[in-house]
Amino acid sequence: KEAETQAKLANVVVLATGGTIAGAGASAANSATYQAAKVGVEQLIAGIPELSTLANVRGEQVMQIASESITNENLLQLGRRVSELADSKDVDGIVITHGTDTLEETAYFLNLVEKTDKPIIVVGSMRPGTAMSADGMLNLYNAVAVASSKEARGKGVLVTLNDEIQSGRDVSKMINIKTEAFKSAWGPLGMVVEGKSYWFRLPAKRHTMDSEFDIKNIKSLPDVEIAYSYGNVSDTAYKALAQSGAKAIIHAGTGNGSVSSRVVPTLQALRKDGVQIIRSSHVNAGGFVLRNAEQPDDKYDWVVAHDLNPQKARILAMVALTKTNDSKELQRMFWEY
Ligand SMILES: NC(=O)C[C@H](N)C(=O)O
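Residues numbered from 1 in each chain as written. Predicted model: local features only at pLDDT ≥ 70, side-chain atom pairs only at ≥ 80, totals over all residues. Heavy atoms only, no water.

Overview of the packing of helix α4 (residues 72-87) against helix α5 (residues 103-113)
Filter applied, for reference: Where helices are involved, their axes are fitted lines through C-alpha atoms of the stretch in contact, as for all axes, and angles between N-to-C directions lie from 0 to 180°. Strands are runs of DSSP state E lasting at least two residues, helices are runs of H or I lasting at least four, and both sets are numbered from the N terminus onward. Working rule for angles: under 35 degrees goes down as roughly parallel, over 145 as roughly antiparallel, 65 to 115 as roughly perpendicular, anything else as oblique. Two helices cross in a left-handed way if the nearer one is turned anticlockwise from the farther one by less than a right angle. They cross in a right-handed way if the turn is clockwise. Residues are treated as being in contact if the distance between any of their heavy atoms lies within 4.5 Å. Three classes are used: nonpolar for Ala, Val, Leu, Ile, Met, Phe, Trp, Tyr, Cys and Pro, charged for Asp, Glu, Lys and Arg, and polar for all others, with Gly counted as polar.
Running from N to C, α4 and α5 cross one another at 50°; their axes reach a closest spacing of 11 Å. Comparing their axes, α5 and α4 come out oblique. Between α4 and α5 lies a crossing of right-handed hand. The segment α4 lies against α5, with L75, L76, L78, G79 and V82 engaging T106, F109 and L110. Taken together, the residues of the contact of α4 with α5 break down into six nonpolar, two polar and no charged.

Overview of the layout of surface pockets
Empty space among the atoms becomes apparent when a probe as large as a water molecule is rolled across them. Inclusion rule: A 1.4 Å probe that fits but cannot get out identifies a cavity on a 1 Å grid over protein atoms alone, an open set with protein on both sides within 12 Å along at least five of seven lines counts as a pocket, and a residue lines either if it has an atom within 4 Å of a point. Grid points are joined across faces, edges and corners, and a volume is the space filled by probe spheres set on the points.
Roughly 420 Å³ of volume is contained in the largest pocket. Taken together, 27 residues line the largest pocket, and the ones lying closest to its centre are E104, S172, N284, N309 and Q311. Going through the elements one at a time, β7 (172-173), β11 (224-228) and α10 (310-321) are the ones with two or more residues in the lining of the largest pocket. Sorting elements by how many residues they give to the lining of the largest pocket places α10 first, with three residues. When its residues are assigned to classes, the lining of the largest pocket shows ten nonpolar, nine polar and eight charged.

Focus on the pattern of salt bridges
Quick note on the threshold: Every case where a carboxyl oxygen of Asp or Glu lies within 4 Å of a side-chain nitrogen of Lys or Arg is listed as a salt bridge. Type-normalised accessible area, obtained with a 1.4 Å probe on protein chains alone, sets the label of each residue: buried when under 20%, exposed when over 50%, and partly exposed for intermediate values.
One pass over the full model with this rule turns up 21 salt bridges. Where E105 meets R314, a salt bridge forms, and the shortest distance between an N and an O atom there is 3.5 Å. One end of the pair, E105, is in helix α5; the other, R314, is in helix α10, with 209 residues separating them in the sequence. Across the pair, exposure class does not vary: E105 and R314 are buried alike. Residue D170 pairs with R169 through a salt bridge whose shortest N-O separation is 2.9 Å.

Observations concerning the site of the ligand
Rules: Here, proximity means that at least one heavy atom of the residue falls within 4 Å of the molecule or strand. Nitrogen and oxygen atoms within 3.5 Å of one another constitute a polar contact, given that in protein one can donate a hydrogen and the other can accept it, and given that sequence-neighbouring residues count only through two side-chain atoms. Each accessible area value is a Shrake-Rupley result obtained with a 1.4 Å probe; residue values ignore everything except the protein chains displayed when judging cover.
Neighbouring the ligand are the residues G19, T20, A66, S67, E68, G99, T100, D101 and S125. Take E68: an N or O atom from its side chain is 2.9 Å from a nitrogen atom of the ligand. D101 is positioned such that a nitrogen or oxygen atom in its side chain is 2.8 Å from a nitrogen atom of the ligand. For the ligand, the protein covers 92% of the area, taking 270 Å² as the surface of the free molecule.

Description of empty space enclosed by the protein
As enumerated under the stated definition, the model contains two cavities of 30 Å³ or more in all. Of the pockets and cavities examined, the largest cavity occupies roughly 40 Å³. Lining the largest cavity are S83, A86, D87, V113, E114, K115, T116, D214, I215 and K216. Ranked by residues supplied to the lining of the largest cavity, first place goes to α4 with three residues. Size it by volume and the second largest cavity reaches roughly 30 Å³. What lines the second largest cavity is T116, D117, K118, I120, G154, K155, G156, V157 and T208. Looking at the lining of the second largest cavity residue by residue, the class counts come to two nonpolar, four polar and three charged.

What to know about the pairing of strand β13 (residues 276-281)
This is how the line gets drawn: If DSSP finds at least two bridges between two strands, the strands pair. When the strands point away from the viewer, a crossover counts as right-handed if the path from the first strand over the helix to the second runs clockwise.
For β13, the tally of buried residues reaches six of six residues, placing the bulk of the element in the interior. The pairing of strand β12 (residues 248-253) with β13 spans six bridges and is classified as parallel. The residue of β13 that forms the bridge with I250 is I278. Handedness of the β-α-β unit built from β12, helix α8 (residues 264-272) and β13 comes out right-handed.

Looking at unusual backbone geometry
Even without being glycine, E194 reaches a positive phi, approximately 50°. Here E194 is to be found in the loop between β9 (190-193) and β10 (196-199). Exposure remark for E194: the relative accessible area of 77% places this residue in the exposed category. In this structure, E294 takes a positive phi of about 85° despite not being glycine. As for its position among the elements, E294 is in the loop between β13 and α9 (297-300).

A short note on the UniProt feature "domain: Asparaginase/glutaminase C-terminal" (unreviewed entry) in the protein chain
Just so we agree on the cut-off: UniProt positions are given in the numbering used here, feature names are shortened, and annotations may be inferred rather than shown by experiment.
The positions that UniProt labels "domain: Asparaginase/glutaminase C-terminal" (unreviewed entry) are, in the present scheme, residues 223-334. The annotated region residues 223-334 carries 37% helix and 17% strand content, and the separation between its end C-alpha atoms amounts to 18 Å.

Let's talk about the sheet that holds strand β3 (residues 93-97)
With respect to topology, eight strands assemble into an open sheet ordered β2-β1-β3-β4-β5-β6-β9-β10, the strand pairing being mixed. The open sheet terminates on both sides in strands that have one partner only, identified here as β2 (55-65) and β10. Adjacent strand axes in the sheet meet at a mean angle of 25°, parallel and antiparallel pairs treated alike. Here five bridges tie strand β1 (residues 10-18) to β3, and the two strands are oriented parallel to one another. Each residue of the ladder has a partner; that of V14, found in β3, is V95. Across the face of the sheet, α4 comes into contact with β1, β2, β3 and β4 (120-123) while running at roughly 160° to β2. Here α5 sits on the sheet in contact with β3, β4 and β5 (158-161), set at roughly 170° to β4.

Structure, rendered in structure tokens:
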């Protein structure tokens, strides 16, 4: 009987990378002061016996780090492991436990490069498991529920926190002290309640199966850096980043990606030297940058990131640059993904 139930359940692999969801604090009152990346994947899974009613779950510790320290090498390592598992007929869904600081970057990266329609869910938590009212347990339970469901197939990489199912492309960490931390300017795709998912909308941008990028063809990622803009900004950071070898600079601009007149001549010169200039916005609730609005992008041969925030624009620029260095092609990709 037990073997029969097991055979019917989906096979879900939990790839653990660290973060607060694997964090531990000195006391239950420590919701904000703790060490990330302390608890191993086996302990995380064992802490939620109810997972066994959702799926046959097994864990793998891919790395054990706080996500602010993730490198391009880590991204590639994780991406390759996800791809191997997705290719296996014994795996129905993949969950990645991850720190929340760069969770949106990893989720978007996987959304671009994984050629599979199997569910890939990235999950984190805002409080360590040792804290009162820790959120990781339910977030992980929800992630496994979504990963084991047929309805999650073909919807791109998803993120489950705070009972919501978000698109890995759109979602961003908006606040660092609430469990309601992850938002998308365009709204969640659905909700998970008591292990069941309820869907309301679908992602419109190209992803996974429909993407022209494939982790199997990516050997390394080029250097793409971000420069932050504000009143009285100087061109020092832009110049230094270019000098250190950046192939593209994401301008984390004010408002609609506007560029200070103090910086425009430098960005024009850098573009002439071959550096791609990509205008994004750091406004909090979601930027929306349009070509030739605010700056003459056609004339300067710059690219706009549209609604991608600077950190997501960096991910797409790196992946795109593995295929092309043509600014028109880059712009096409920024509209399509
Ligand atoms: N809530 C978290 O997971 C934050 C942590 N610094 C991390 O990203 O690993």
